[in-house]
Amino acid sequence: MKKTVLALLTATMAFSSVTMASDVKIMTKVSGGKTAGEHKAFVQVIEKNTGMDVSMVKPGGSYDQVVLTTLASGEKYDLIYSTSKQLEYFIKQKAIMPMNDLIAKSPILSDRNRISQEELDVISRDGKIYGIPNKFEGGTMPVVRADWLEELGMKDPATLDQWYNFFKAAKTKYGAYGISTKGLYDIQPFMSAVGVKAGYVMIDGKRTVPYATDAAAPVYDWFAKLYKEGLLDPNFASNSSSDMTKLFLSDQTATVTYWDAFVGLYNNIRTNQDPKTTFRAKGLAGVPGPDGKIMMRRGDSSIWVIPANARKPENAIKFLEFWHSEPGYLLGTLGIEGIDYNVVDGKYVLTETGKEHGLDHGAPRVTSRNWVNPFGSLPGVDEAEAIVLKHASLEVLPAEWSKTKKILQKYAYRAMLGKVTGAEAVKAMRKDLAKSKLID
Amino acid sequence: MATLSLHNVIKRFGETEIIHGVDLAINDGEFIVFVGPSGCGKSTLLRLIAGLDDTTEGEIKIAGQAVNDLAPSKRGAAMVFQSYALYPHMNVYDNIAFGLKVRKHPKEFIEERVNEVAEILQLTPLLNRKPKELSGGQRQRVAIGRAITRQPEVFLFDEPLSNLDAELRVAMRMEIARLHEKMNATMIYVTHDQVEAMTMADRIVVLRAGQIEQVGTPAELYTAPENVFVAGFIGSPKMNFISVTSKEFDGTKQTFTLESGQSIKLPVDSPTDGEKQFKLGVRPEHLFINRTGDLNITIKATASEYLGENTLVYGDLNGQSITLKVDGHQTILPGQEIAASAAVRDIYLFDDQDRSVLQNYRRTLLKDALSVKENKEPATAA
Amino acid sequence: MVLLPDAITSFVSFRKGSMDTRLLKKYAPLYVLITPIIIYFCVFIFYPLSQAFYISIQEFGLLGSSGFVGLDNYYTIFDDSDFLQVIENTIVLSLGITFFGFTLPIIPAIALVEITQMAAKRWFQTLIYLPNLFSWVIIIGIWMTFLSPAGSLNSVLISLGIIDAPILFFANEDYARGMIVFQTVWKDIGYTTVIYFSAILSINTDLYEAAEMDGATVWQKIWNITIPQLYPTMKIVFLITLLGSLRTFDSAYLMSNGLISHKITTLALYVYEQGILEFDLGIANAAGVILLIIAISLALAVQKITRNK
């Protein structure tokens, strides 16, 4: 482990040595150019718009580790891209600063039409705002082959039985899996059928984990049935998102559970491959619960935070103001004029590069509800996004969630593989959770 | 025990022929020593007999049965290796018992045999020791014991004593000889040491460059070498060779002159016309100083070695080195001129071309050549 | 090198104050030669080790130490119900990897000796050594592709009618440890084979010939000569494999998923999770120190046991 830390430290030091003496120093993950060359141009656009000398480091892999080791090494950044998952830890370690005052002074960042109160709440603790959202966060949902549904003469499935019938029909007709999913992460739309929410839920001041309650048991059994009949991609425990994407794009599964934004990407890819394709991906809502309520999940938000040791927090704000205004919106979505797109007669036209980049340079959708993407959006995305906005909510994922998740997965997978019943699984989950003091 | 015979045995490794057609017949119970300089093929020949290498051509028979196609273990031969080849992790008992265990003999039988062998070789107190806890001589005895237990038809020894110090070597030599007598087994023993060969063998097979030079009892080889090589190889220090040129023949004797101008008249069976090159051979122990004989030479001493009973004197005769074995009390200084002589009966005449012996004057003069029987004494008594 | 003990004595006597400067001068080049190694050990081994221990008794996070906590981190670890599981995983995986990793390579090593055709020998040697050159990412990638539910093996088995549903090699709690052991052994077998192969080549051929004269079969020769003659090498390989297996990380890290992670999370992986993912350096270093203690005790125990043999 020491070695890894050392390697990361040296790596970050190497980064920093090139980037001294600029007006603002930023570390970013997805927001930026897709290639080294494009990233350079990306930074130039920021510099042109903010009038600052910008240094924007975009490390390759292991982003979270690089951030942590950079901070631990005392390296000074003005702004860091992170996710809400890390927030608790940063706050506990006093590694980032509250931004209330800075935001209050900025007309752009305090404009609730640009950044909604709800989105700020996610990043706030005890009234202190610890970050600024990077983009609008969608949620995960079942993405189905709408063209298959149509061919099969079925309507959008809305109950577990209807989903089952669809999967079965798809397997019979197309020889595909009914559904491919990636662990427990994305089964929320089906858990919705029994009114169960992911993460932690506080009941009477006690921590509970709904996925470990008896209510959840029938859904695990339902998955076990899917698995037994070959309707569920058996690789679910070890799937990666690229595995799922591959299956979905090669007609090997009727459904994947993934981000709303990917509805558009899937359609875009297949259309680019074959303009006459009948392929049509569509995002669907979760299954309504006993009370008719649909519970879906929002993703962890990607956020910008200012480290406690930042030299020029005010310059970080300048960047964020740019990022949350028109030119920033264009940069985060379409990308760089001349590389990703051109404006011809007032119309935005994507270049080949731009098409490849799929309207995503870190913020495929911006937080502003007023700004309209001049290029429009990819097919199916708006509908999917509307469903997420309507039904999805954030979960409570405290620091102990990583441990809790492991326990849930262990027994949920066993149940989904049919090795134990759903009822046995949730019982075992609760026992382990209680033993490790992860529920009250 | 068994007879053993080789018929035109040839061994090639790829293109290279190592053994060039060897014929040999070995009698039942005979102790045969293969001797020769390194690279002469003596070990290869032994390995062919053992079956560790395949014979390219020819036939090997043990007890009348052709064994060419038999596995080594099926030939009824046991071998003692130069490195002893003891299994390091097994104790003495297991080392000796291994061959019997492999052949799935009953446990009681094995125990009886191992103990018997250990008794013979005085290994009984060492049976539980590992090879690394034994001295060189003890290891050698274990290696021999391992060969004995199987009661083979033929024993093969591959330079078994060369890793031992001089004293032990003498002791082991006698031990092996004693063993041979006791077991009355056919044994083939490979060595490069002619002293070992002389002292142990019933018959010696002198090999050179993959061919047999001569086969005979130690006395035969000593007294009646068939060529320059055998004459030089057997006997220590080695025989002196002096170049001579043939001169006139007087009807009974031919005159030969040395390069130093001296001459000697020798009887020959077939006289030579004109001048031709020959070699005279005379052993160091047959050259006497301060005495007049049939062959008289004057040599210049270059060095001497005092050995107690004898002194070896090294000298030079017209560029040819000459060794003399004189009485121990004689003091010869380097540079000193020495007159030495030899009697005709101690002289051999060799053809300088094919290096074969032409005249063996001991034989010529003493018609009753030495018999095998008389000369066997020193070999077994040693 | 023969001079070294003398050099050490001179150094010791110098330390004692008897100041034999003549000796010191005599061995000055030797001191110069070993200095870089001593510095290397200090900088890259002893200093980090002492740091690890130091951090393990601190509350240590992003902003460095926030105070001495004694053995609290160690108590926390042993209180963690996962940790005992982690120790179990580490030991079971280690035993598996060590046992198969030091026995199985004997087979290809012997095969290499027996193959006399040079081209075939080289080919076989290269083939068996190849996995050792791959990084773990590639190793796991290869096997995941080959053994995935839609991979070649499952496809063949299904089309032959041997199985109805694909076997989930990477998502089965019962196979998880076996898969790690299998892949590790597969990766390392070439390396160990080469070690055994060269050891076999140095065995006195007389031993085999003696056994051949005794009528031993191939198996008896392997069992009674090759294997016993390999003992010294096997001891070393055993120790290397054991210590290496305690560090099992890459394979477990890459293969891990929600279903099987509790079976294959090793101490090294636990250290990584605590240190890098959770960035709880106090806990991570405490776990690291525990790993170190286990490794040292095992190494000493193994040495003690094998020395007497």
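Predicted model, so just to flag it, every value in this text is computed and none were measured. Starting afresh in each chain, residues are numbered from 1 along the sequence in its written order. Working convention: letters from A go to chains and numbers from 1 go to ligands, in the order in which they are written. Reporting of local features is limited, given that this is a predicted model, to residues whose pLDDT is at least 70; pairs of side-chain atoms are given and counted only at 80 or more, and all residues count toward the totals for whole chains, interfaces and linings.

## Side note on the overall build of chain A
This is how the line gets drawn: Secondary structure elements are taken from DSSP: a helix is a run of H or I of four residues or more, a strand is a run of E of two residues or more, and numbering for both begins at the N terminus. Atoms counted for the radius of gyration: C-alpha only. Globule rule: 2.2 Å times residue count to the power 0.38. With C-beta atoms placed from the backbone, a residue is labelled by how many other C-beta atoms lie within 10 Å of its own: buried for 20 or more, exposed for 12 or fewer, partly exposed between the two. We call two residues in contact when their backbone-placed C-beta atoms lie within 7 Å.
Regarding its fold elements, chain A presents 18 helices and 17 strands. Taken over the C-alpha trace, chain A has a radius of gyration of 23 Å; the compact-globule value for 440 residues is 22 Å, and the two agree within 12%. Burial statistics for chain A: of 440 residues in total, 49% are counted as buried. Counting contacts in chain A only where the partners sit at least 6 residues apart, residues at least 24 apart contribute 76% of the total.

## Things to note about the packing of helix α17 (residues 401-416) of chain A against helix α18 (residues 422-435) of chain A
Residue and element names in this part refer to chain A. Rule in force here: Simply put, an axis is a line fit to the C-alpha atoms, just over the touching stretch for a helix, and the angle between two N-to-C directions goes from 0 to 180 degrees. Oblique is the label for any angle not under 35 degrees, not over 145, and not in the 65 to 115 range, which are roughly parallel, roughly antiparallel and roughly perpendicular in turn. We call a crossing left-handed when the near helix sits turned anticlockwise from the far one by less than a right angle, and right-handed when that turn is clockwise.
It is at 9 Å that the axes of α17 and α18 come closest, and there the two elements cross at 160°. In terms of orientation, α17 lies roughly antiparallel with respect to α18. Crossing of α17 against α18: the hand is right-handed. Along its contact with α17, which presents T404, I407, L408, Y411, A412, R414 and A415, the element α18 presents G422, A425, A428, M429, D432 and L433.

## As for the interface of chain A and chain C
Counting residues at the interface gives 24 residues for chain A, matched by 25 residues for chain C. For the side of chain A that touches chain C, the secondary structure elements donating two or more residues are α1 (2-18), α3 (63-72) and α17 of chain A.

## A look at the environment of L300 of chain C
Residues and elements named next belong to chain C. With respect to the helices and strands, the residue L300 is situated in helix α16 (residues 281-307). On the neighbour-count criterion, L300 (10 C-beta atoms within 10 Å) is exposed. It is 9.8 Å that separates the C-alpha atoms of L300 and L239, two residues lying 61 residues apart in sequence.

## Observations regarding the interface of chain C and chain B
With 14 residues of chain C at the contact, the number on the chain B side is 15 residues. Elements with a minimum of two residues in the side of chain C that touches chain B: α11 (205-214) and α12 (218-246) of chain C. For the side of chain C that touches chain B, the leading source of residues is α11 of chain C, giving 7 residues.

## Observations concerning the packing of helix α5 (residues 81-103) of chain C against helix α10 (residues 173-201) of chain C
Working note: a packed helix pair is described by the angle between its axes plus the distance between those axes. All names here are of chain C. Quick note on the threshold: Charged means Asp, Glu, Lys or Arg here, nonpolar means Ala, Val, Leu, Ile, Met, Phe, Trp, Tyr, Cys or Pro, and polar covers whatever is left, Gly included.
In the contact formed by α5 and α10, the axes pass within 9 Å of each other and the chain directions differ by 35°. Here α5 runs over α10; the crossing is right-handed. Facing α5, whose interface residues are V92, L93, G96, I97, F100, G101 and F102, α10 presents R177, I180, V181, T184, V185, D188 and T192. Partitioned by chemical class, the residues of the contact of α5 with α10 number 8 nonpolar, 4 polar and 2 charged.

## Points about the domain arrangement of chain C
Accessible area lost upon the coming together of the parts serves often as the stated size of an interface. Residue and element names in this part refer to chain C. Here is the rule we go by: These domain boundaries are the output of an automatic or database domain assignment.
Partitioning chain C into domains gives domain 1 (4-56) and domain 2 (80-307). Across the boundary between the two partners, domain 1 contributes 4 residues, which contact 6 residues of domain 2. Tallied by class, residues from the side of domain 1 that touches domain 2 come to 3 nonpolar, 1 polar and no charged.

## A short note on the sheet that holds strand β20 (residues 348-351) of chain B
Working definition: the strands of a sheet are paired by backbone hydrogen bonds and lie parallel or antiparallel to each other. Residues and elements named next belong to chain B. Applicable threshold: When DSSP finds two or more bridges between a pair of strands, those strands are recorded as paired.
Spatial strand order, β13-β12-β11-β14-β20-β21: 6 strands in an open sheet with antiparallel pairing. In this open sheet, the two edge strands, each paired with only one partner strand, are β13 (263-267) and β21 (357-360). Looking at each pair of strands side by side, their axes are set apart by 35° on average, direction ignored. Direction of pairing for strand β14 (residues 277-282) relative to β20: antiparallel, over a ladder of 4 bridges. When the sheet's bridge partners are listed, G281 is paired in β20 with Y348.

## Examining the pairing of strand β9 (residues 203-208) of chain B
All names here are of chain B. With 5 of 6 residues buried, β9 lies mostly within the body of the structure. Looking at chain direction, strand β3 (residues 31-35) and β9 are connected through 4 bridges and run parallel. Each bridged residue has a counterpart across the sheet, and for I32 the counterpart in β9 is R203. Bridge count for β9 against strand β10 (residues 211-216) is 5 bridges, and the pairing is antiparallel. Its bridge partner being in β10, R208 is matched across the sheet by Q211.

## Section: the domain arrangement of chain A
Along its sequence, chain A is organised into domain 1 (2-137 + 301-344) and domain 2 (139-298 + 395-435). One C-alpha centre belongs to domain 1 of chain A, the other to domain 2 of chain A, and the line joining them spans 33 Å.

## Considerations on the sheet that holds strand β2 (residues 16-26) of chain B
Residues and elements named next belong to chain B. As summarised here, the arrangement of the 4 strands in space is β2-β1-β4-β5, forming an open sheet in which the pairing is antiparallel. Each edge of the open sheet carries a strand with a single partner, namely β2 and β5 (65-66). As defined by bridge partners, strand β1 (residues 4-13) adjoins β2 across 8 bridges and the pair is classed as antiparallel. Note on β2: the bridge partner recorded for F13 is T16.

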